[in-house]
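# Structural overview for review
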Amino acid sequence: MPYIYTSDWHVTKETVFPKAFSETVDGIREMRIRGAGRIARSASKALAALAESYGGSDFSEMAEFLHDGAKLLLSTRPTAVSLKNGILFTLAGAKEDGVKNVGDYRKSVVGASEWFCEKSVSAIDAIAKHGSGLLCDGSTVLTHCNSSVAVSTIARANEMYDGIRAFATETRPWNQGHITARELASSGVDVNMIVDSAARHIMEREGVDAVFVGADTICMDGTVANKVGTSQIALAAMDLGIPFYVCGEFYKFSPDIKSGSYVVVEERGASEIADPFKFPGVKFKNPVFDLTPARNITSIITEDGAIRAEKVAGFVKRKFSRVMGFEM
Ligand code: RUB
């Protein structure tokens, strides 16, 4: 297994980070920065800034400083592999190239971060192009949570075709669907916001033609981790014969997560659901992601086109050996 997929991060001492770096860490943990893509790009940029901020001349000390920063970033949101991949794509190049001095290390990290951010943004455009091509005049779509790539796909379809209609679930408990609804409306899409539990009914009664969601982690067996509620929508879509598409850029795939049972599902505080003091004796459980099995996914739309979820392992082998230039 190449280095890129083995995260041997370790914090060896108490490390003091620049304020801006700690702000990014807190922003991700407290969900001011959210959505897998934005999180990954913010983490990558924060590491590049950390590399630039290192004022010493000791290569090992700089490596330790960056790895401590990476470790802290990784601790913020456990489910999305995109965060880990964003960090690995940013830091691994220097190791692969055998970089051994501070100046080259800095250059490598800053360059890798620019590469990653650029590629991840262009992947959104490519997926929006492929995904919108699956729709036509008068298509009605449904989306869940707030995925920048699903929103871009729907907005692009709206530019290409007449009469596109969208339904956005509100997405309890954080209501990320409010962001989606506003973003779609500001792109001129005819959008309705619905409560999460109305999804199946709306799909059936409003003639939904396709569901588009994003992804936080795509496992080798094609299981997709995304915002909690996604798997129920996939099940309802399958029951109704409605195509269920996952939009997944290259860094949402995880070569070292074989199946859903290896995904760490983030659980957040009770207060996100309700005020626990108003419910004496009641316990709360707040998993914020869930797992949709490959069999309930019509296809995963990547920047290279659509693939069947069952074919993820082969895609990852081809894609990553091309992107990173090594065999797995
Ligand atoms: C967001 C979420 C999104 C994916 C994909 O969860 O589940 O569907 O992250 O987003 P949260 P994108 O709000 O808890 O981060 O397509 O923008 O990468």
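The rules we used
- Residues numbered from 1 in each chain as written.
- Predicted model: local features only at pLDDT ≥ 70, side-chain atom pairs only at ≥ 80, totals over all residues.
- Heavy atoms only, no water.
- Pairing = 2+ DSSP bridges.
- Helix = DSSP H or I, 4+ residues; strand = E, 2+ residues; numbered from the N terminus.
- Axes fitted to C-alpha atoms, helices over the stretch in contact; angles between N-to-C directions.
- Contact = heavy atoms within 4.5 Å.
- Salt bridge = Lys/Arg side-chain N within 4 Å of Asp/Glu carboxyl O.
- Buried < 20%, exposed > 50% of the residue type's maximum accessible area, 1.4 Å probe, protein only.

## Let's talk about the sheet that holds strand β2 (residues 165–169)
Across a sheet, strands are paired by hydrogen bonds formed along the backbone, either parallel or antiparallel in direction. A sheet is described by the order of its strands in space; here seven strands give the open sequence β3-β2-β1-β4-β7-β9-β10, paired in mixed fashion. Unpaired on one side and paired on the other, β3 (190–194) and β10 (305–307) mark the two borders of the sheet. Each strand axis lies, on average, 25 degrees off the axis of its neighbour in the sheet, ignoring direction. Where strand β7 (residues 244–247) and strand β9 (residues 299–302) come together, three bridges link them in parallel fashion. Note that in β9 the partner of Tyr245 across the bridge is Ser299. Across the sheet, helix α5 (residues 102–132) lies against β4 (210–213), β7, β9 and β10, angled at about 135 degrees from β9, the strand it touches most.

## Re the pattern of salt bridges
Enumeration over the complete set of coordinates arrives at 15 salt bridges. Residue Glu249 is joined to Lys252 by a salt bridge in which the shortest nitrogen-to-oxygen separation is 2.6 Å. For Lys252, a relative accessible area of 3% corresponds to the buried category. For Glu310, the salt bridge identified is with Arg308, shortest N-O distance 3.5 Å. Judged by relative accessible area, which is 49%, Arg308 ranks as partly exposed. Shared partners join several salt bridges into a network, and the residues in it are Arg77, Glu266, Arg268 and Glu272.

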